[in-house]
Amino acid sequence: MNDKRPWFRFHLLTAVLMMVGAGTMLWINTRRDYWHEPNGWHIEWGWPLRTLVQVKQPVGTVFNEYVYTVPYVSPNTDWRVVALNAVIAIGIVVILGVLSEYFIRRREARKL
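Residues numbered from 1 in each chain as written. Predicted model: local features only at pLDDT ≥ 70, side-chain atom pairs only at ≥ 80, totals over all residues. Heavy atoms only, no water.

Asks: Tell me about unusual backbone geometry, residues and numbers included.
Replies: Here the amide bond leading from W47 into P48 is cis, since omega sits at 0°, within 30 degrees of zero. Relative to the assigned elements, P48 resides in the loop between β2 (40-44) and β3 (53-56). (Helix = DSSP H or I, 4+ residues; strand = E, 2+ residues; numbered from the N terminus.)

Structure (structure tokens):
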């Protein structure tokens, strides 16, 4: 019998950890930070670098409540930073998978 193990094999635990890591990276990158300035609300997304900026500007009041414009993405959004955030998130998930496989295979080697 050929007992040679396939070169590229993922364990179920590694797949689950990578899925949880990817979900966490998506959650962190889509979480918004709000703050109010005189010219309206600013909304930012992104981790570790803040990237997308939306601005809601007040256009008037109705029944003593501000009415805001439809949020728009600021023209000074740097899409290279968005791509860098994606690369960092993918790198973290890959590192998580490699470390998980390393520790699982190390434990399996000790059992032999």
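Asks: Talk me through the packing of helix α1 (residues 12-30) against helix α2 (residues 79-111); I want residue IDs and the actual numbers.
Replies: Helix-helix packing is characterised by the crossing angle of the two axes and by the distance between the axes. Direction vectors running N to C along α1 and α2 enclose 155°, while the axes themselves pass 9 Å from each other. Considered as vectors, α1 and α2 are oriented roughly antiparallel to each other. Crossing geometry of α1 relative to α2 is assigned as right-handed. Of the residues in α2, those touching α1 at L13, T14, L17, M18, G21, A22, M25 and N29 are N85, A89, I92, V93, L96, G97, S100, E101 and I104. Taken together, the residues that form the contact of α1 with α2 break down as 10 nonpolar, 6 polar and 1 charged. (Axes fitted to C-alpha atoms, helices over the stretch in contact; angles between N-to-C directions. Parallel < 35°, antiparallel > 145°, perpendicular 65-115°, else oblique. Left-handed = near helix turned anticlockwise from the far one by under 90°. Contact = heavy atoms within 4.5 Å. Nonpolar A, V, L, I, M, F, W, Y, C, P; charged D, E, K, R; others polar.)

Asks: Explain the pattern of salt bridges to me, and be specific about the residues and the numbers.
Replies: Applying the stated criterion to the full structure yields 1 salt bridge. Between R105 and E101 there is a salt bridge whose closest N-O contact spans 3.1 Å. Residue R105 and its partner E101 are located together in helix α2, separated by 4 residues, close to a single helical turn. Residue E101 is classed as buried on the basis of its relative accessible area of 9%. (Salt bridge = Lys/Arg side-chain N within 4 Å of Asp/Glu carboxyl O. Buried < 20%, exposed > 50% of the residue type's maximum accessible area, 1.4 Å probe, protein only.)

Asks: Break down the environment of L49 for me, with residues and values.
Replies: Relative to the elements of secondary structure, L49 occurs in the loop between β2 and β3. By relative accessible area, which is 32% here, L49 ends up partly exposed. For the pair formed by L49 and V81, sequence separation is 32 residues and the distance between their alpha carbons is 7.0 Å. When sequence neighbours within four positions are dropped, the list of residues in contact with L49 reads V81, L84 and N85.

Asks: Describe the confidence of the model for the protein chain, listing the residues and the values that go with them.
Replies: In this model, the protein chain carries a mean pLDDT of 79, and residues with pLDDT of at least 70 account for 69%. Across the protein chain, element-level confidence peaks in α1 with a mean pLDDT of 92 and bottoms out in strand β5 (residues 65-68) with 61. (pLDDT = per-residue confidence, 0-100.)

Asks: Can you break down the nonpolar core residue by residue, with the values?
Replies: With 5 residues, the main nonpolar core is built from M18, M25, I28, A89 and V93. Considering each element in turn, this core owes the most residues, 3 residues, to α1. Excluding its chain neighbours within four sequence positions, the residues that come into contact with M18 are F10, V93, L96 and G97. (Core = buried A, V, L, I, M, F, W, Y, C linked by side-chain atoms within 4.5 Å.)

Asks: Please set out a nonpolar patch on the surface residue by residue, giving values where relevant.
Replies: Taken together, L12, V16, M19 and V20 make up a surface patch of nonpolar side chains, about 410 Å² in accessible area. Counting through the fold element by element, V20 comes out in helix α1. Residue classification places V20 among the partly exposed positions, given a relative accessible area of 48%. (Patch = residues over 30% accessible without salt bridge, like charges linked within 9 Å, V, L, I, M, F, W, Y side chains within 5 Å. Areas by Shrake-Rupley, 256 points an atom, 1.4 Å probe, with all protein chains shown as cover.)

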